[in-house]
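The chain contents come next:
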Protein chains: 2
Amino acid sequence: MHHKEVTIYDIARKLDLSPSTISRGLKNPTSISKVTIKRITDTAHEMGYSSNAFASNLRKKRSNIIGVIVPRLNSAFMSQTIAGIEKEVSNANYNLIISQSLESMKKEASSAFAMLSNRVDGLLVSLAYDTESIDHFNNFIKRGTPVIFFDRVFENSKYPAVHINNYKAGYDVTAHLITQGCKRIVHLTGNQLQNVYKDRLKGYKQALMDYNIMFDERLVIVNGLAAADGIEAAGQILRMPQLPDGVFAANDQCAVSCMQVLKKNRIRIPDDIAFAGFNNDPLTCIIEPNLTTINYKGYEMGQVSAKLLMNQIYAKNIQIADDIVLEYELIIRESSVRKR
Amino acid sequence: MHHKEVTIYDIARKLDLSPSTISRGLKNPTSISKVTIKRITDTAHEMGYSSNAFASNLRKKRSNIIGVIVPRLNSAFMSQTIAGIEKEVSNANYNLIISQSLESMKKEASSAFAMLSNRVDGLLVSLAYDTESIDHFNNFIKRGTPVIFFDRVFENSKYPAVHINNYKAGYDVTAHLITQGCKRIVHLTGNQLQNVYKDRLKGYKQALMDYNIMFDERLVIVNGLAAADGIEAAGQILRMPQLPDGVFAANDQCAVSCMQVLKKNRIRIPDDIAFAGFNNDPLTCIIEPNLTTINYKGYEMGQVSAKLLMNQIYAKNIQIADDIVLEYELIIRESSVRKR
DNA sequence: CTGTTAGCGCTTTCAG
DNA sequence: CTGAAAGCGCTAACAG
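Here is what the cut-offs are and how they apply
- Residues numbered from 1 in each chain as written.
- Chains lettered and ligands numbered in written order.
- Predicted model: local features only at pLDDT ≥ 70, side-chain atom pairs only at ≥ 80, totals over all residues.
- Helix = DSSP H or I, 4+ residues; strand = E, 2+ residues; numbered from the N terminus.
- Buried ≥ 20, exposed ≤ 12 C-beta atoms within 10 Å, placed from the backbone.
- Near = placed C-beta within 6 Å.
- Nonpolar A, V, L, I, M, F, W, Y, C, P; charged D, E, K, R; others polar.
- Contact = placed C-beta atoms within 7 Å.
- Pairing = 2+ DSSP bridges.
- Axes fitted to C-alpha atoms, helices over the stretch in contact; angles between N-to-C directions.
- Right-handed = clockwise from strand over helix to strand, strands pointing away.
- Least-squares fit on C-alpha atoms with pLDDT ≥ 70 in both.
- Domains from an automatic or database assignment.

Examining unusual backbone geometry
Negative phi values dominate among residues other than glycine, just as trans dominates among peptide bonds.
Item 1. That bond from Ile-269 of chain A to Pro-270 of chain A is cis: its omega, 10 degrees, falls within 30 degrees of zero.
Item 2. Positionally, Pro-270 of chain A belongs in the loop between α11 (252–264) and β9 (274–276).
Item 3. Here the amide bond leading from Glu-288 of chain B into Pro-289 of chain B is cis, since omega sits at -5 degrees, within 30 degrees of zero.
Item 4. In this model, Lys-61 of chain B sits at a positive phi of 60 degrees, which is unusual for a non-glycine residue.
Item 5. In this fold, Lys-61 of chain B is placed in the loop between α4 (53–60) and β1 (65–70).
Item 6. Accessibility expressed as a C-beta count within 10 Å gives 12 for Lys-61 of chain B, which makes it exposed.
Item 7. Non-glycine residue Asn-212 of chain B carries a positive phi angle of around 60 degrees.
Item 8. Note that Asn-212 of chain B resides in the loop between α9 (195–210) and β7 (220–222).

What about the protein's contact with DNA strand D?
Item 1. Inspection of the region around DNA strand D gives 25 residues, with Glu-5, Thr-7, Ser-20, Ser-23 and Ala-55 of chain B positioned closest.
Item 2. The set of elements that each furnish at least two residues to the surface near DNA strand D consists of α2 (19–27) and α4 (53–60) of chain A together with α2 (19–27) and α4 of chain B.
Item 3. When residues of the surface near DNA strand D are assigned to their parent elements, the largest contribution, 5 residues, is made by α4 of chain B.
Item 4. Grouping the amino acids of the surface near DNA strand D by side-chain chemistry returns 8 nonpolar, 12 polar and 5 charged.

Considering the environment of Arg-119 of chain A
Item 1. Residue position: Arg-119 of chain A is located in the loop between α6 (105–117) and β3 (122–125).
Item 2. Residue class for Arg-119 of chain A comes out buried when judged on the 22 C-beta atoms lying within 10 Å of it.
Item 3. As for Arg-119 of chain A and Arg-143 of chain A, which are separated by 24 residues in sequence, their C-alpha atoms are 9.7 Å apart.
Item 4. Those residues within four positions of Arg-119 of chain A in sequence are excluded, and the remaining contacts are Ser-63 of chain A together with Asn-52, Ala-53 and Phe-54 of chain B.

A word on the sheet that holds strand β7 (residues 220–222) of chain A
All names here are of chain A.
Item 1. One open sheet accounts for 4 strands, arranged β7-β6-β8-β9; its pairing is parallel. The open sheet has two free edges, formed respectively by β7 and β9, since each of these has just one partner strand. For this sheet, the mean angle separating the axes of adjacent strands, direction not counted, is 15 degrees.
Item 2. Note that strand β6 (residues 185–189) and strand β8 (residues 246–249) share 4 bridges and pair parallel.

Points about the protein's contact with DNA strand C
Item 1. The immediate surroundings of DNA strand C are formed by 26 residues, with Glu-5, Thr-7, Ser-20 and Ala-55 of chain A together with Ser-20 of chain B found nearest.
Item 2. Listing elements by their share of the surface near DNA strand C, those giving two or more residues are α2 and α4 of chain A together with α2 and α4 of chain B.
Item 3. Residues of the surface near DNA strand C, tallied by class, amount to 8 nonpolar, 12 polar and 6 charged.

Brief notes about the pairing of β1 of chain B
Put simply, side chains in a regular strand alternate between the two faces of the sheet.
Residues and elements named next belong to chain B.
Item 1. For β1, the buried fraction is high: 6 of the 6 residues fall into the buried class.
Item 2. Neither face of β1 is exposed, since Ile-65, Gly-67 and Ile-69 on one face and Ile-66, Val-68 and Val-70 on the opposite face are all buried.
Item 3. In this fold, the crossover linking β1 to strand β2 (residues 95–100) by way of helix α5 (residues 76–91) has right-handed handedness.
Item 4. Note that β1 and strand β3 (residues 122–125) share 4 bridges and pair parallel. Residue pairing for β3: Gly-67 is matched across the bridge by Leu-123.

A closer look at the relation of the copies chain B and chain A
Item 1. Rotating chain B by 180 degrees about the axis while translating it 0.1 Å along that axis superimposes it on chain A, leaving an RMSD of 0.1 Å. Each copy turns onto its partner about a two-fold axis.
Item 2. A share of 100% of the interface residues of chain B reappears at the interface of chain A, consistent with the copies meeting face to face through the same patch.

Description of the interface of chain B and chain A
Item 1. Taken residue by residue, the interface counts 43 residues in chain B and 43 residues in chain A.
Item 2. Listed by contribution, the elements that provide at least two residues to the side of chain B that touches chain A are α4, α5, β2, α6 (105–117) and α7 (138–143) of chain B.
Item 3. Ranked by residue count, the leading element in the side of chain B that touches chain A is α5 of chain B, at 7 residues.
Item 4. In terms of residue class, the side of chain B that touches chain A is made up of 19 nonpolar, 18 polar and 6 charged.

Re the sheet that holds strand β9 (residues 274–276) of chain B
Residues and elements named next belong to chain B.
Item 1. On the basis of which strands lie adjacent, the open sheet formed by 4 strands has the order β7-β6-β8-β9 and parallel pairing. The open sheet has two free edges, formed respectively by β7 and β9, since each of these has just one partner strand. The sheet shows a mean angle of 15 degrees between the axes of neighbouring strands, direction not considered.
Item 2. Relative to β7, strand β6 (residues 185–189) is paired through 3 bridges, and the arrangement is parallel. Residue Thr-189 lies in a different strand from β7, and its bridge partner there is Val-222.
Item 3. Across the face of the sheet, helix α11 (residues 252–264) comes into contact with β6, β8 (246–249) and β9 while running at roughly 145 degrees to β8.

Some points on the domain arrangement of chain A
Item 1. By the assigned domains, chain A splits into domain 1 (8–51), domain 2 (64–163 + 298–326) and domain 3 (166–296).
Item 2. A straight line from the C-alpha centre of domain 1 of chain A to that of domain 2 of chain A covers 37 Å.

Remarks on the environment of Lys-205 of chain B
Item 1. Its location among the elements puts Lys-205 of chain B in helix α9.
Item 2. Taking the C-alpha atoms as reference points, Lys-205 of chain B and Ile-221 of chain B, separated by 16 residues in sequence, lie 14 Å from one another.

Quick look at the structure:
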């Protein structure tokens, strides 16, 4: 039961016009008489015509498709970002091909390969957990297809990137905890291959230094930052010979699950241990006490990245664009505010 | 700087073979000598060849692309679903085009149009808030492209659907609240155009009836089910001449924000008012007391829908497939458990 | 196991 | 304002 395609030739025959006229009438309504246009669109509609994007793309050598590769689709932050991207992209009449690397560089590379075959007009990437080389994007550059990183970016790459100043944010959070009286601050963080976690740690260290607090390596806990890791970290904290008086977690999920365990163990927050997270996940306003965090504007990051990409596509040649550094916001809530 | 495409012709010339041999060597390594295959793939690689999906698709009349249209990308449930879909689809070597209707039927239709032009091999749809007709999918049927609804489905349509039994789930939740001693149960629900909310309400009503509780229209609050709506609903509840002793919200987000306001107003949960939500959002385990809810397996729903779709694609003709009804699970937590 | 050939449906010069 | 003709890159008969 192969459906017979209705093509512009069919319309042309019916209207006794040439295919080129039909093509113009459908896509480029200048330099065609109003009357003809009307006849064409009407007939197209009534014949059930649907333009074939492959044929058009093949001929035009562009796809109107933007590719997106992210580590995971099912995180609060990423779904915000994707929503922002989709909004911008669809406004500009582009389509979106999305795939997730599941935190594996290998799958990231194979997704990139698929995107290349689909001749995306541009690519938006947030890197996988274990990505240590970005050679799998070289082919895009070779063909002149812009690639932009966002959030999880690659350091010193020639690709433009959209991100926040994680160093400064890490600094701000730590300094805030210190001014609340914390002296022994645990830092829960993730894979140090990734700029986002590495920079936050740097900021943490610098703040300690500026406030004359000795950096203690044993207070840095590196894990996967998932809910389960937060629970595990709570155990580690409880077993410490001397309890810390503050925790700065590199994401909210982990902070929240850690807090829950500590609370069950009669640790008072913020009095015994003050807490701060990162991302402004909806969870932060549910947990009691509400969690101090960094408002990381995912939706906006998506929009900004998409806009930048489309500018590059429009410019037709890859700009050595500067990185875009987005604003963030330290949101101070009860989990870190101590009465003096 | 137009990059010159490397085509199979270029490879053919270099290797003194025919284009068809190259094509076969690259895609269909049967009936080609091992040696030739190796030469072909090596040369392709070294010349920086990337197969052109448009050309291939145009010729083959299939795209290896699955389209997905959902109301919003940025919800915990949807991001789970999408992740499940992506997983299955990419396992089967399909690509994913995604767009969001932003709860508007108009945008849903225009997305469908774009998907049609891109000749997706199949379409997965969760309907927008105000979708009251699904004629915009007719063209897919006409061309023999399978369309499957999930979660927010259209009643009595000829399209197969993947969903849970919302009626029964609504019934179970309500019955549970009743057995905990609730007699005046508020139901927070959404647009009654949508099967998911309509059916949950039906289940609620039936449970009341079965337990000889009079249905009271004033206890049904219809709103957008967002966090803000939960806050608003809490206000309405507090202003009721007689306080209810139970709340069944059709989603967790709304339940949680409603609970928060009530708690601030010194309502004890579950003793004054018992609570139940819907979806098993991560929030449910953070709010205190933890929220009783229906575990709605988004990831699994995505996987199942994708598999069903790919089966239909594979079968090459649209099956009058039966709907798939997924299991759900009533998760009873403290918010609804009263000590006797 | 390999080659020849035709054509998928569209756009875009170029020429009226 | 409209038409003729060529070709984007690939695959699938068909023929050896």
